[in-house]
Structure formats: structure tokens, C-alpha cells
Amino acid sequence: MNTIHNVNIIDIPKVHDERGILAVIEKESIPFAIKRVYYLYDVPTESSRGGHAHKEQQSVIIALSGSFEVIVDDGITKKRIMLNKPNRGLYIPTHIWREIENFSSGAVCLVLASTSYNELEYIRDYNEFSIQKGEL
Ligand code: TYD
């Protein structure tokens, strides 16, 4: 069962010259095959997103623009991670509760996902999450 220790920062390779920076995500940089990409934008600062864990989906979260904080929780330990660099990804494996908050103005939250969207693989109830963490 995954713990907070399985949550990692991924440095996305970039090419920097006088014209600016080009960051590139190739399959070697991500610990799973990408099945879906989605993104959050126009998120009010006071909004809290996430609030769930996944049974199957692994994710990499990137602050493509602006900043926000991700709180990851394995049922025992919680960690708050600020994302504010477009070449830094946060890898979150399965069975980790996450919340995303404190979005800056203009923030864009990109998510690379290992699965297609399937509501059945979400755990949206924290009690259910805690029970699963205790049992598995
Ligand atoms: P939700 O899981 O609440 O978003 P977040 O975790 O970012 O707070 O999803 C919001 C809505 O969007 C919900 O009705 C499910 C839907 N949705 C899709 O239709 N496809 C997707 O790929 C995702 C991630 C969500």
C-alpha cells in the first residue's frame, strides 16, 4: 500500500536558450503510460479541488502557470507541497488522498493520468479511504 514516501517530485527536462524555455515530457520521465491529460484553470483562490484518492489512477500534477498547494495524505501522514514551476511534476500513486488549494490568479493545474476517466475507481469518502488504508 502506498505511503507518502511514494509521492515524488519529478524534474521535467527543459531546453533553455535566449528565446525562452522549452520543457519536454517523454515517456521516460513519467513512471506510467499516459492515458489522459486534463487541466484546471479559472479556479477561484478559495476553491478546494481534489478531495479524493484513486484505486487505479496514478497522476502527475504540474503547475503549468501560477501556483497552488497540494496536500497529500496516506491516512497517517499529511504533507503540503507548493507547486509553482512548470518543469516540476508531483507524482501521486494510487491510494493517496489529495487536496489542491490556494490557487494563484491565472494558475493552470495540468494532470497527466494513467487511466481513462472512471468514477468507479475514485474514493471520494475520507472514512472509506481510511478504512481501506487500514485493511489493505
Ligand atoms: P472532480 O473529480 O470533482 O475534479 P477535481 O478532482 O479536480 O476537484 O471532477 C469534476 C467533474 O468533472 C466531475 O463531475 C467529474 C468530471 N470529470 C470528467 O468528466 N472527466 C475527467 O477526466 C475528470 C478528471 C473529471
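Attention here is on the structure that accompanies the text. All values derive from a computational prediction rather than experimental measurement.

Taken residue by residue, helix H1 (residues 126-135) has Phe129, Gln132 and Lys133 as its buried positions. Axial view of H1: buried residues confined to an arc of 100 degrees, hence all on one face. For H1, the exposed residues set more than 90 degrees away from the buried face come down to Asn127, Gly134 and Glu135. Those residues of H1 that are buried lie in contact with strand S5 (49-54), strand S7 (68-73), strand S10 (97-101) and strand S12 (122-123).

Overall, antiparallel pairing links the 5 strands, which are arranged S1-S9-S6-S11-S4 in an open sheet. Every other strand in the sheet has two partners, leaving strand S1 (8-11) and strand S4 (36-40) as the edge strands with one partner each. If you compare each strand with its neighbour and ignore which way they point, the axes differ by 25 degrees on average. Strand direction decides the pairing type here: strand S6 (residues 59-65) and strand S9 (residues 88-92), joined by 4 bridges, are antiparallel. Residue pairing for S9: Ile62 is matched across the bridge by Gly89.

Another point: the sheet that holds S5. Ordered in space as S8-S7-S10-S5-S12, the 5 strands form an open sheet in which the pairing is antiparallel. Looking at strand neighbours, the two that pair on one side only are strand S8 (78-83) and S12, the edges of this open sheet. The sheet contact formed by S5 and S12 spans 2 bridges and is antiparallel. Paired with His54 across the bridge in S12 is Tyr122.

The next thing to look at is the nonpolar core. If you look at the biggest cluster of nonpolar residues, it comprises 19 residues, and the most contacted ones within it are Phe68 and Val72. Among the secondary structure elements, those contributing two or more residues to this core are S6, S7, S8, S9 and strand S11 (108-113). In terms of residue count, S7 provides more of this core than any other element does, 3 residues in total. Sequence-distant contacts of Val72, that is, excluding residues within four places in its chain, are made with Ile4, Val7, Thr77, Lys78, Lys79, Ile81, Leu90, Ile92, Ile96, Trp97 and Arg98.

Further remarks concern the packing of aromatic side chains. Ring pairs (aromatic) are described by centroid distance and by the angle formed between their planes. Summed over all chains, the structure comprises 7 aromatic pairs. Where Tyr117 meets Tyr122, the ring centres are 5.8 Å apart and the plane angle is 70 degrees; that geometry is what we call edge-to-face. Of the residues examined, Tyr122 reaches a relative accessible area of 10% and is grouped as buried. Grouping aromatic residues by their ring pairs yields a cluster made of Trp97, Tyr126 and Phe129.

The rules behind these values
- Residues numbered from 1 in each chain as written.
- Predicted model: local features only at pLDDT ≥ 70, side-chain atom pairs only at ≥ 80, totals over all residues.
- Heavy atoms only, no water.
- Buried < 20%, exposed > 50% of the residue type's maximum accessible area, 1.4 Å probe, protein only.
- Helix = DSSP H or I, 4+ residues; strand = E, 2+ residues; numbered from the N terminus.
- Arc of directions from axis to C-beta.
- Contact = heavy atoms within 4.5 Å.
- Pairing = 2+ DSSP bridges.
- Axes fitted to C-alpha atoms, helices over the stretch in contact; angles between N-to-C directions.
- Core = buried A, V, L, I, M, F, W, Y, C linked by side-chain atoms within 4.5 Å.
- Phe/Tyr/Trp six-rings, centres within 6.5 Å; stacked < 30°, edge-to-face > 60°.

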